[in-house]
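Residues per chain, in single letters:
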Amino acid sequence: MSYVLGHNQYGKAEVHVVRVFRDDPKAPHDLVDYNVSVSLSGDFEDAHIHGDQSKVLTTDACKNTVNSFAKEAGDAVREPESFAVALADHFIEVPQVNGARITVEAVPWTRSHDNAHAFVKNGDYVRTATVTRTADDTSVVSGLKDLTVLKTTDSEFHGFYQDKYTTLQPTNDRIMATAVTAQWAHDGTDVDWGKAFDEVKDAITGAFAAAYSYALQHTLWEMGSAVLDAVPSVAEIRFSCPNKHHFVVDLSPFGVENNCEVHHAADRPYGLIEATIKRNEDVDKSSAYDPGQAW
Ligand SMILES: O=c1[nH]c(=O)c2[nH]c(=O)[nH]c2[nH]1
């Protein structure tokens, strides 16, 4: 037999760690809530082909490292990107590892009633970070998932291609709603991650609100352009946005007028609109994204 082992990677997925910052007894507490996944690649052929584990850093050790780094990495823990960089820098030092990918899903908690130690989980969205480390390169992709936005007008959809299955009626006034999932790749790592995240999120929601839309595709372009305008470190942004359809209900059988007021919010099927907006043609950040990540 001369079969060949192709790409392989392994690690611990979804280490859910909550770190409280409470070093200063007089200061209010802070916390971060991270779901961390570690994926290592390198010289692991013997483990697969011969059952020899001598080079395998256990996934249990990966989990322990995440937990310990939640204390050891100090202030780097405060932002998902810098925490992931600290972990990636550690794992790449293992001699048989030549690639380390760390993904973090960060659930935002907000302080409750200005209380020093009480928080409310903010379920509006999840912040994400993916750090890919090789011996001589670190690439950082930031993101967010499931940021749901809706506007009640300033959205049209008409002039579309028609075939024999086309029944959709054109409209010049409709609800537009989506749950934005986006990932943006940075040039370099010298970035104020928290500030950049807030600016990107603000650019996305601001452009969604302000842009007059002729399709969700058009809105993705506007949102991506606003992000590139606002944050110089972003080289490209990838969107995956379900069109959360709101269909105007026909109330005419009841003699009731419905001027885009009463809608049926359908949950499926949904249009899925995806696009990458790049700073220029030469940008190629594909290796910075986790191919196994289903958005
Ligand atoms: O914004 C939209 N883009 C589409 O491609 C599409 N297709 C469709 O049926 N409705 C919509 N809306």
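Everything below is about the structure shown above.
Computed from a predicted model, the values in this text were never measured in an experiment. (Residues numbered from 1 in each chain as written. Predicted model: local features only at pLDDT ≥ 70, side-chain atom pairs only at ≥ 80, totals over all residues. Heavy atoms only, no water.)

A.B. asks: Please set out the pairing of strand β2 (residues 30-42) residue by residue, giving values where relevant.
C.D. replies: For β2, a buried count of ten out of 13 residues is recorded, marking the element as mostly surrounded by other parts of the structure. For β2 and strand β3 (residues 97-106), the ladder comprises nine bridges, and the chain directions are antiparallel. Residue pairing in the sheet places V38 in a bridge with I102 of β3. (Buried < 20%, exposed > 50% of the residue type's maximum accessible area, 1.4 Å probe, protein only. Helix = DSSP H or I, 4+ residues; strand = E, 2+ residues; numbered from the N terminus. Pairing = 2+ DSSP bridges.)

A.B. asks: So, helix α2 (residues 59-72): which residues are in play, and what are the values?
C.D. replies: Because the α-helix completes a turn every 3.6 residues, residues three or four places apart line up on one side. Between the first and last C-alpha of α2 there are 19 Å, a value that for 14 residues agrees with the 20 Å anticipated at 1.5 Å per step. Buried within α2 we find C62, T65, V66, F69 and A70. Buried residues in α2, looked at end-on, bunch into an arc of 140°, giving them a common side. Across from the buried face of α2, at angles greater than 90 degrees, the exposed residues are K71 and E72. On its buried side, α2 packs onto β1 (15-21), β2 and α3 (80-91). (Expected span 1.5 Å × (residues − 1). Arc of directions from axis to C-beta. Contact = heavy atoms within 4.5 Å.)

A.B. asks: Give a detailed account of unusual backbone geometry, specifying residues and quantitative values.
C.D. replies: Residue R268 is joined to P269 through a cis peptide bond whose omega torsion reads -5°. Relative to the helices and strands, P269 resides in the loop between β11 (263-265) and β12 (271-278). In the Ramachandran plot, H113 falls in the positive-phi region, its phi being about 50° despite a non-glycine side chain. Secondary-structure assignment places H113 in the loop between β4 (109-111) and β5 (119-121). In this structure H113 comes out as exposed when scored by relative accessible area, which is 79%.

A.B. asks: Describe in detail the side chain of Q96, supporting the description with residues and values.
C.D. replies: Tracing the backbone shows Q96 in the loop between α3 and β3. Q96 has contacts with S41, G42, D43, F44 and K55, leaving out every residue within four places of it along the chain.

A.B. asks: Which residues make up the site of the ligand, and what are the values?
C.D. replies: Taken together, F157, L168, R174, A215, L216, Q217 and N243 make up the full set of residues near the ligand. The contact in question runs from a nitrogen atom of the ligand to an N or O atom on the side chain of Q217, over 2.9 Å. Contact distances for the ligand include 3.2 Å between a nitrogen atom and a side-chain N or O atom of N243. Relative to its unbound accessible surface of 300 Å², the ligand loses 72% to contact with the protein. A class-by-class count of the residues in the shell around the ligand yields four nonpolar, two polar and one charged. (Near = heavy atom within 4 Å. Polar contact = N/O pair within 3.5 Å; in protein donor to acceptor, adjacent residues only side chain to side chain. Areas by Shrake-Rupley, 256 points an atom, 1.4 Å probe, with all protein chains shown as cover. Nonpolar A, V, L, I, M, F, W, Y, C, P; charged D, E, K, R; others polar.)

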